[in-house]
Amino acid sequence: MGEEGWRWADAWIFVSLVIAGGAGRHRRSATTRRPEGVRLADVLSTADHLNHAIPGRHEVEAAVRRLAGAGLINVADGWFRVTPAGEQLWRTRPRGGLATTVETVHGVLTRRTAPGSADWALDEEEHAAAVQEFSARTSAPRPRRSPEGGPH
């Protein structure tokens, strides 16, 4: 597939964003001030879970530009969100196991829509900070327990 078509990494980032965001199930309350969406560290964490790799800055940047340009996601103030069009694509995809979800979504993207081109950049420091945040979450020490089962 040429540069104009969807890349596997585009589907990987899209699926990671959808899953990190609770697949559209969790909506913010009208009374909360927390924005709807997920942070980059959450997307990276889910991507690592799906593919046992952390997407590089260039992969994330290119995928977000293409997905946002196609109207499937948006990013504002560091919050990544799936748009209604992205939710529709997710809900109507063929069902399969988690192991094949990225490949399935890649096929759906290829058949249903063309990639776009949004003006969005991921700063090297922002990506590094998100990787560091994700790494700190996965390597945080667990609280020690006494033999009696209480905290040490």
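All of these numbers come straight from a predicted model, not from anything done at the bench.

A few words now on the confidence of the model for the protein. Averaged over the protein, the pLDDT score is 85; the fraction of residues at 70 or greater is 80%. Least confident of the elements in the protein is helix 6 (residues 124-138), whose mean pLDDT is 89; most confident is helix 3 (residues 57-69), at 97. In the predicted structure, residues 24-29 sits below a pLDDT of 50 and forms seven contacts with residues beyond four places in sequence or in another chain.

So, about the environment of Val-102. Residue position: Val-102 is located in helix 5 (residues 101-112). In sequence terms Val-102 and Val-15 are 87 residues apart; their C-alpha atoms lie 6.4 Å from each other. If near-sequence neighbours (up to four positions away) are discounted, Val-102 is found in contact with Trp-8, Ala-11, Trp-12, Val-15 and Leu-50.

Attention now moves to the packing of helix 2 (residues 40-51) against helix 6. Remark: helix 2 packs on helix 6, axes separated minimally by 8 Å, with the N-to-C direction vectors making an angle of 60°. As the angle between them shows, helix 2 and helix 6 are arranged oblique. Note on packing geometry: the crossing formed by helix 2 with helix 6 is right-handed. For the pair helix 2 and helix 6, the contacting residues are Leu-40, Ala-41, Asp-42, Leu-44, Ser-45 and Asp-48 in the first and Glu-126, His-127, Ala-130, Val-131, Glu-133, Phe-134 and Arg-137 in the second. Of the residues that constitute the contact of helix 2 with helix 6, the class distribution is six nonpolar, two polar and five charged.

Quick notes on the rules
- Residues numbered from 1 in each chain as written.
- Predicted model: local features only at pLDDT ≥ 70, side-chain atom pairs only at ≥ 80, totals over all residues.
- Heavy atoms only, no water.
- pLDDT = per-residue confidence, 0-100.
- Helix = DSSP H or I, 4+ residues; strand = E, 2+ residues; numbered from the N terminus.
- Contact = heavy atoms within 4.5 Å.
- Axes fitted to C-alpha atoms, helices over the stretch in contact; angles between N-to-C directions.
- Parallel < 35°, antiparallel > 145°, perpendicular 65-115°, else oblique.
- Left-handed = near helix turned anticlockwise from the far one by under 90°.
- Nonpolar A, V, L, I, M, F, W, Y, C, P; charged D, E, K, R; others polar.

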